[in-house]
Amino acid sequence: MFSVAVIEDASAAEVSLDPVRARLLAELAEPASATMLAARVDLPRQKVNYHLRALEKHGLVELVEERRKGNVTERMMRATASSYVISPVALSAVQPDPAQSPDRLSARWLLAVAGRLVRDVGLLITGAAKAQQRVATFALDGEVRFASAADRTAFAEELATAVTTLVGKYHDETAEKGRPHRVIVAVHPSIPEESRGA
């Protein structure tokens, strides 16, 4: 089971957004059968089986074990990931395009950049899984508390200068075997922990 998986297919995204199926995915962090799940979610076993088949068809759950109980074979299923992110690829006709209105001070542009990040990393993960390789990535996440808007502006300017200098130091347009890497640095107000689930 992966800690996080990216859903790139529109029909898989639709299946995962159904409230009953989303609940089943959450319940399947640990393997369970349709009978076990039916008791937990208060639905008939047949209805749970119907939803499990849809989730399995789209690769969101997987068979872990089959157990024989008398004349019945009990299928133990598990979610393929602990959590899922829906890629903008699933909505390809309307996925965000950061090139449309680049404004580094716009929250909507930041969202478009974040959408592209999810799309690109999702595609890299999918390709790496097919090639049975790992994806070389790096992420930095932190929090800073600014005393004023002026401090935030000064921080953004210094950060932009530092990143531009660092990129200039290591960027080599002539490297024959070099591979371009995208660099994204974002600054946004933190969301309080208690507000994240709302």
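The shown structure was predicted, so the numbers you read here are calculated from the model rather than taken from an experiment.

Asks: Can you walk me through the overall build of the chain in this structure?
Replies: The number of helices and strands found in the chain is six helices and four strands. Going from N to C terminus, the chain has its helices and strands arranged as β-α-α-α-α-β-β-β-α-α. Since a compact globule built from 198 residues should have a radius of gyration of about 16 Å, the 22 Å found for the chain marks it as more spread out than a globular shape. Dimensions of the chain, computed from the C-alpha atoms along their principal axes, are close to 70 × 45 × 30 Å. For the chain, buried positions account for 20% of its 198 residues. Sequence-distant contacts in the chain: of pairs separated by 6 or more residues, those separated by 24 or more amount to 58%. Summed over its atoms, the accessible surface of the chain is roughly 14900 Å², and 54% of this surface lies on carbon and sulfur atoms. Once the 25 positive and 25 negative side-chain charges of the chain are each reduced to a mean point, those two points are 6 Å apart.

Asks: Mind showing me how you'd approach the nonpolar core here?
Replies: Nonpolar side chains in soluble globular proteins tend to be buried together. Among the nonpolar cores identified, the biggest contains 21 residues, and Leu28, Leu37, Val48, Leu52 and Leu55 are the most heavily contacted of them. Breaking this core down by element, the ones donating at least two residues are helix H1 (10–17), helix H2 (19–27), helix H3 (34–41), helix H4 (45–57) and strand S3 (72–79). In this structure, Leu37 is in contact with Leu24, Glu27, Leu28, Ala32, Val48 and Leu52, ignoring residues within four places of it in sequence.

Asks: What's the story with helix H5 (residues 107–131) in this structure? I'm lost.
Replies: Since the α-helix advances by 3.6 residues per turn, residues separated by three or four positions end up pointing in the same direction. In this model, H5 (25 residues) spans 36 Å end to end at C-alpha, consistent with the 36 Å of a helix rising 1.5 Å per residue. Listed as buried for H5 are Ala112, Val113, Gly115, Arg116, Gly122 and Ala128. Where the residues of H5 are buried, they touch strand S1 (2–7). With a side-chain oxygen positioned 3.2 Å from the backbone nitrogen of Arg108, the residue opening H5 is Ser106. Gln132, located one to two residues past H5, shows a positive phi value of around 55°.

Asks: Can you help me understand unusual backbone geometry in this one?
Replies: Glycine aside, residues mostly have negative phi angles, and peptide bonds mostly take the trans form. Positive phi is not limited to glycine here, since Asp42 has a value of about 55°. If you trace the backbone, Asp42 turns up in the loop between H3 and H4. You will see that Gln132, though not glycine, has its phi angle at about 55°, which is positive.

Asks: Help me out: how do you make sense of the packing of H2 against H3 in this one?
Replies: The contact between H2 and H3 brings their axes to 11 Å, and the two run at 115°. Here H3 runs roughly perpendicular to H2, going by the angle between their axes. Here H2 runs over H3; the crossing is right-handed. On the side of H2, the interface is formed by Arg23, Leu24 and Glu27, while H3 contributes Leu37, Arg40 and Val41.

Asks: What is the right way to read the pairing of strand S2 (residues 61–69) from this model?
Replies: Bridge analysis of S2 against S3 gives eight bridges, and the strand direction is antiparallel. Along S3, the bridge assignment pairs Glu62 with Arg78. What sits between S2 and S3 in their antiparallel hairpin is a turn of two residues, with Gly70 showing a positive phi close to 65°.

Asks: What exactly am I supposed to notice about the side chain of Ser87 here?
Replies: Along the chain, Ser87 turns up in the loop between strand S4 (81–86) and H5. Of the residues examined, Ser87 reaches a relative accessible area of 1% and is grouped as buried.

Conventions used here
- Residues numbered from 1 in each chain as written.
- Predicted model: local features only at pLDDT ≥ 70, side-chain atom pairs only at ≥ 80, totals over all residues.
- Heavy atoms only, no water.
- Helix = DSSP H or I, 4+ residues; strand = E, 2+ residues; numbered from the N terminus.
- Rg over C-alpha atoms; globule rule 2.2 N^0.38 Å.
- Buried < 20%, exposed > 50% of the residue type's maximum accessible area, 1.4 Å probe, protein only.
- Contact = heavy atoms within 4.5 Å.
- Areas by Shrake-Rupley, 256 points an atom, 1.4 Å probe, with all protein chains shown as cover.
- Lys, Arg positive; Asp, Glu negative; His and termini not counted.
- Charge placed at Lys NZ, Arg CZ, Asp CG, Glu CD.
- Core = buried A, V, L, I, M, F, W, Y, C linked by side-chain atoms within 4.5 Å.
- Expected span 1.5 Å × (residues − 1).
- Polar contact = N/O pair within 3.5 Å; in protein donor to acceptor, adjacent residues only side chain to side chain.
- Axes fitted to C-alpha atoms, helices over the stretch in contact; angles between N-to-C directions.
- Parallel < 35°, antiparallel > 145°, perpendicular 65-115°, else oblique.
- Left-handed = near helix turned anticlockwise from the far one by under 90°.
- Pairing = 2+ DSSP bridges.

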